[in-house]
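If you want the building blocks of each chain, they are given just below.
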Amino acid sequence: MDTIVALGTPAGRSAIGVIRLSGPDSLSIARSIVGENYFKPEPSQPVLRSIKGTASNSILDRALLTFFPGPNSYTGEDLVEISCHGSPIVLRQVIDLTLGLGARPAGPGEFTLRALSNGKMNLTQAEAIRDLINAQTEAAAQQALRQMMGELSSRLRRPQQALIHTIVQLESALEFVEDDLPELKRQDIVGELTEVASDLHNLASTFEVGHLLRDGVRVTIVGRPNVGKSSLFNKLLAFERAIVTEVPGTTRDTLTERLGLDGIPILLTDTAGLRESSDRIESIGVERTRQAMAEADLLVVVLDGSEDLRAEDLSALSQAKSARHIVAINKSDVASFDTLEKSRPSYEAGSVNVSAVTGFGLETLRAAILEPFVAGDSPNAGFLITDARHYDLLLRARNEVQSSWELLQRGASEELVLIGLHNGLRFLGQITGETSTDEILSEIFATFCIGK
Ligand SMILES: Nc1nc2c(ncn2[C@@H]2O[C@H](COP(=O)(O)OP(=O)(O)O)[C@@H](O)[C@H]2O)c(=O)[nH]1
Ligand SMILES: [Mg+2]
């Protein structure tokens, strides 16, 4: 095993920058750069030293060195952290020094990969560290933390053990019993598999909300020109991002910004008003609006409640009809809004009265935006599957268990039933990395940042 080195903190100027060395030569490399042959600090106790340059008597920095001897380190092998001053020049020089002494630049996630191969954590925990670093909202960070603490692997334990139990029973029936499995025992196993399948199904179904924590919900504001889409967009973002004027057709291009609603990342898009236009730029904008509509998870159709509906409004409504959408009736602050209220149709998708000028109804609108995605289960309550890889493997495992269950019901032979159970167990093992091939691992770790 070679010794790897990487900057553990972001590139750029900062108060401190931490360089990490991991591998068998970490301590000897540290000795060379501080120029002390017997340098061996107490485990986990930072000590202050000068880092010696290659030229005689040159000093690169004064730094804190911390030694974490294996196996009680993050990677499970000898690890040294060097906290330098956060100058990109100094950090570069110190890293070059370690490279000259035989260290090799670490690849993405290589520190964590070593931790994994040294049994310091399982794959879901390693992925959770990546997700924690990448989390965009508090709720996403919280989910990653729960997974890092081992919650996913512990939730998988029950179905895994039940599967092993049924496999053992079926295998031993194959080995030792001449006759078929007694009917009673068969029914026991059927019952046990029913539970496994439902455990896996329940866990997998949390992905519906869980993936939103990672990917965000794409919410797109649409409607005819001048109904107040850009005003509403700005109000939801709480800053004047889009240009607002009384001139119809002001917004030419789609604009997307991120915001967090109740811990769920939202990608909010403002669009050019839907109308037929002879203006070339505007018609390209309308084309982009259609594109954004097709990609959205939710459309907010804005109407101007201070005026009668126009043909363009009806057309916007009908274009949104087949997608998930809500209707925001804007300009509730205008006097005519109330007089027109009685004649307004009711919308199947539900509508909210708002004013982008006064902020009236905005809380209701925010709740209505989230409603389809958090129905029943608050994102902060239960444990959620947030990773498509985990979701996919859970579904595959469940399908295998399901088909074994059906075979068993139909009185198929133990051999046939066992195939699906072994497959199911293998898929679950791939979630935690117990049965992952090197190829899968390197694919996953390519998504990590260097120095982690
Ligand atoms: N009174 C009132 N005027 C609004 C409201 N929302 C937007 N407007 C005005 O309507 C016009 C068009 O707004 P804008 O946001 O550019 O509409 P868009 O074309 O749909 O993006 C501007 O003059 C806004 O000031 C509202 O809630 N109340
Ligand atoms: Mg606009």
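Residue positions are given per chain, counted from 1 along the sequence in the order it is written. By the order in which they are written, chains take letters starting at A while ligands take numbers starting at 1. Local features are withheld for residues below a pLDDT of 70 in this predicted model, meaning they are given only at 70 or higher, and side-chain atom pairs are given and counted only at 80 or more; totals for whole chains, interfaces and linings count all residues.

*Asks:* Break down the overall build of the protein chain for me, with residues and values.
*Replies:* Each helix is a run of H or I in the DSSP string that is no shorter than four residues. Each strand is a run of E no shorter than two, and both are numbered from the N terminus. A count of helical and extended segments in the protein chain gives 16 helices and 12 strands. Here the C-alpha radius of gyration of the protein chain, 30 Å, is well above what a compact globule of 452 residues would show, namely 22 Å. The principal-axis extents of the C-alpha atoms in the protein chain amount to approximately 85 × 85 × 35 Å. In this description, any two residues whose backbone-derived C-beta atoms lie within 7 Å of each other are considered to be in contact. The long-range share in the protein chain, meaning contacts at least 24 apart out of those at least 6 apart in sequence, stands at 67%. Taken over C-alpha atoms, the radius of gyration is set against a globule rule of 2.2 Å times the number of residues to the power 0.38.

*Asks:* Outline the site of ligand 1, supporting the account with residue identities and numerical values.
*Replies:* To decide nearness, the C-beta atom of each residue is placed from the backbone, and the residue is near a molecule or strand if that atom lies within 6 Å of it. Close contacts around ligand 1 come from 21 residues, with Gly228, Lys229, Ser230, Ser231 and Glu246 the closest. Ranked by residue count, the leading element in the shell around ligand 1 is helix H9 (residues 229-237), at three residues. Put simply, Ala, Val, Leu, Ile, Met, Phe, Trp, Tyr, Cys and Pro go in the nonpolar bin, Asp, Glu, Lys and Arg in the charged bin, and everything else, Gly too, in the polar bin. Considering only residue class, the shell around ligand 1 consists of six nonpolar, 11 polar and four charged.

*Asks:* Provide a residue-level description of the packing of helix H7 (residues 183-205) against helix H14 (residues 388-409), including the pertinent values.
*Replies:* Put simply, H7 and H14 touch, their axes get as near as 9 Å, and they point 160 degrees apart. Relative to H14, the element H7 lies roughly antiparallel. In this structure, H7 crosses over H14, and the sense of that crossing is left-handed. Residues Arg186, Ile189, Val190, Leu193, Thr194, Val196, Ala197, Leu200, His201, Leu203 and Ala204 of H7 form the contact with H14, whose participating residues are Tyr391, Leu394, Leu395, Ala397, Arg398, Val401, Gln402, Ser404, Trp405, Leu408 and Gln409. In the contact of H7 with H14, the residues fall into 15 nonpolar, five polar and two charged. Only C-alpha atoms enter the line fits that serve as axes; for helices the fit covers just the stretch in contact. Angles between N-to-C directions range over 0 to 180 degrees. For classification purposes, angles smaller than 35 degrees are called roughly parallel, those larger than 145 roughly antiparallel, those between 65 and 115 roughly perpendicular, and all remaining angles oblique. By the definition used in this description, the sense in which the near helix is turned from the far one sets the handedness, with an anticlockwise turn below a right angle giving left-handed and a clockwise turn giving right-handed.

*Asks:* Let's hear about the sheet that holds strand S2 (residues 14-22): which residues, and what values?
*Replies:* Paired strands are those between which DSSP finds at least two bridges. Read across the open sheet, the six strands follow the order S3-S4-S5-S2-S1-S6; overall the sheet is mixed. Looking at which strands have only one partner, the edges of the open sheet turn out to be strand S3 (47-52) and strand S6 (104-105). Most of the contacts of helix H1 (residues 26-34) go to S3, to which it runs at about 70 degrees, and overall it touches S2, S3, strand S4 (59-68) and strand S5 (79-86).

*Asks:* So what's going on with the pairing of strand S8 (residues 255-261)? Which residues, and what values?
*Replies:* Judged from the seven bridges that link them, S8 and strand S9 (residues 264-270) form a sheet pairing that is antiparallel. Across the sheet, residue Leu259 finds its bridge partner in S9, namely Ile266. Turn length for the S8-S9 hairpin, with the two strands adjacent in sequence and antiparallel, is two residues, and the turn residue Asp262 shows positive phi of about 50 degrees.

*Asks:* If you had to explain the nonpolar core to someone new, which residues and values would you point to?
*Replies:* To define a nonpolar core, we join buried Ala, Val, Leu, Ile, Met, Phe, Trp, Tyr and Cys residues through C-beta atoms within 7 Å and take the resulting set. Field definition: a residue is buried when 20 or more other C-beta atoms are found within 10 Å of its C-beta, exposed when 12 or fewer are, and partly exposed for counts in between, with C-beta atoms placed from the backbone. If you look at the biggest cluster of nonpolar residues, it comprises 111 residues, and the most contacted ones within it are Ile19, Val94, Val300, Val301 and Ala328. In this view, Val300 contacts Val219, Ile221, Ile326, Ala328 and Ile369; residues no more than four positions away in its chain are not counted.

*Asks:* Kindly report on the packing of H14 against helix H15 (residues 414-432), identifying the contributing residues and their values.
*Replies:* At a closest axis distance of 8 Å, the pairing of H14 and H15 adopts a crossing angle of 165 degrees. In terms of orientation, H14 and H15 fall into the roughly antiparallel class. Considering how the two elements wind past one another, H14 and H15 form a crossing that is left-handed. On the side of H14, the interface is formed by His390, Leu393, Arg396, Ala397, Glu400, Val401, Ser403, Ser404, Leu407 and Leu408, while H15 contributes Leu416, Val417, Gly420, Leu421, Asn423, Gly424, Phe427, Leu428, Gln430 and Ile431.

*Asks:* Residue-level account of the pairing of strand S11 (residues 325-330), with values.
*Replies:* Most of S11 sits inside the fold, with six of its six residues counted as buried. Handedness of a crossover is defined as follows: with both strands directed away from the viewer, a clockwise route from the first strand across the helix to the second makes it right-handed. A crossover links strand S10 (residues 298-304) with its parallel partner S11, the connecting element being helix H11 (residues 311-320), and its sense is right-handed. Relative to strand S12 (residues 351-353), S11 runs parallel, the two being bridged by three bridges. Across the sheet, Ile329 pairs through a bridge with Asn353, a residue of S12. Of the crossover connections in this fold, the one passing from S11 over helix H12 (residues 335-341) to the parallel S12 is right-handed.

*Asks:* An account of H11 is needed here, citing residue identities and associated values.
*Replies:* Along H11, the residues classified as buried are Asp313, Ala316, Leu317 and Ala320. Projection of H11 onto a plane perpendicular to its axis shows the buried side chains occupying an angular sector of 100 degrees, all on one side. With respect to the buried face of H11, the exposed residues turned more than 90 degrees away are Ala311 and Ser318. Buried positions along H11 lie against strand S7 (217-222), S10 and S11. Arc, as used here, means the arc of the directions from the helix axis to the C-beta atoms.

*Asks:* Go over the environment of Glu434 with me, naming the residues and quoting the values.
*Replies:* Within the fold, Glu434 resides in the loop between H15 and helix H16 (438-445). You can call Glu434 partly exposed: it has 15 C-beta atoms within 10 Å. In sequence terms Glu434 and Asn122 are 312 residues apart; their C-alpha atoms lie 7.8 Å from each other.

*Asks:* Kindly report on unusual backbone geometry, identifying the contributing residues and their values.
*Replies:* With an omega dihedral of 5 degrees, the bond running from Gly70 to Pro71 counts as a cis peptide bond. Mapped onto the elements of the fold, Pro71 is located in the loop between S4 and S5. The phi angle at Asp262 is positive, at roughly 50 degrees, despite the residue not being glycine. Mapped onto the elements, Asp262 comes out in the loop between S8 and S9. Classification of Asp262 by C-beta neighbours within 10 Å gives partly exposed; the count is 17.

*Asks:* Go over the domain arrangement of the protein chain with me, naming the residues and quoting the values.
*Replies:* Parsing the protein chain into structural domains produces domain 1 (4-106), domain 2 (128-206 + 385-445) and domain 3 (216-374). Domain delimitation follows an automatic or database domain assignment. Once you take the C-alpha centre of each, domain 2 and domain 3 turn out to be 44 Å apart. Counting residues at the interface gives four residues for domain 2, matched by four residues for domain 3.

*Asks:* Let's hear about H14: which residues, and what values?
*Replies:* Along its 22 residues, H14 runs 31 Å from first to last C-alpha, staying within 8% of the 32 Å computed at 1.5 Å per residue. What H14 keeps buried is the set His390, Tyr391, Leu393, Leu394, Ala397, Arg398, Glu400, Val401, Ser404, Trp405 and Leu408. With its phi angle positive at about 80 degrees, Gly411 sits one or two positions after the end of H14. Multiplying one less than the number of residues by 1.5 Å gives the expected span of a helix.

*Asks:* Tell me about the sheet that holds S10, residues and numbers included.
*Replies:* Strand order in the open sheet made by the six strands is S8-S9-S7-S10-S11-S12, with mixed pairing throughout. The open sheet has two free edges, formed respectively by S8 and S12, since each of these has just one partner strand. Between one strand axis and the next, the sheet turns by 25 degrees as a mean value, whatever way the strands run. As judged from the four bridges shared by S7 and S10, these two strands associate in the parallel manner. Within the sheet, the bridge partner assigned to Thr220 lies in S10 and is Leu299.

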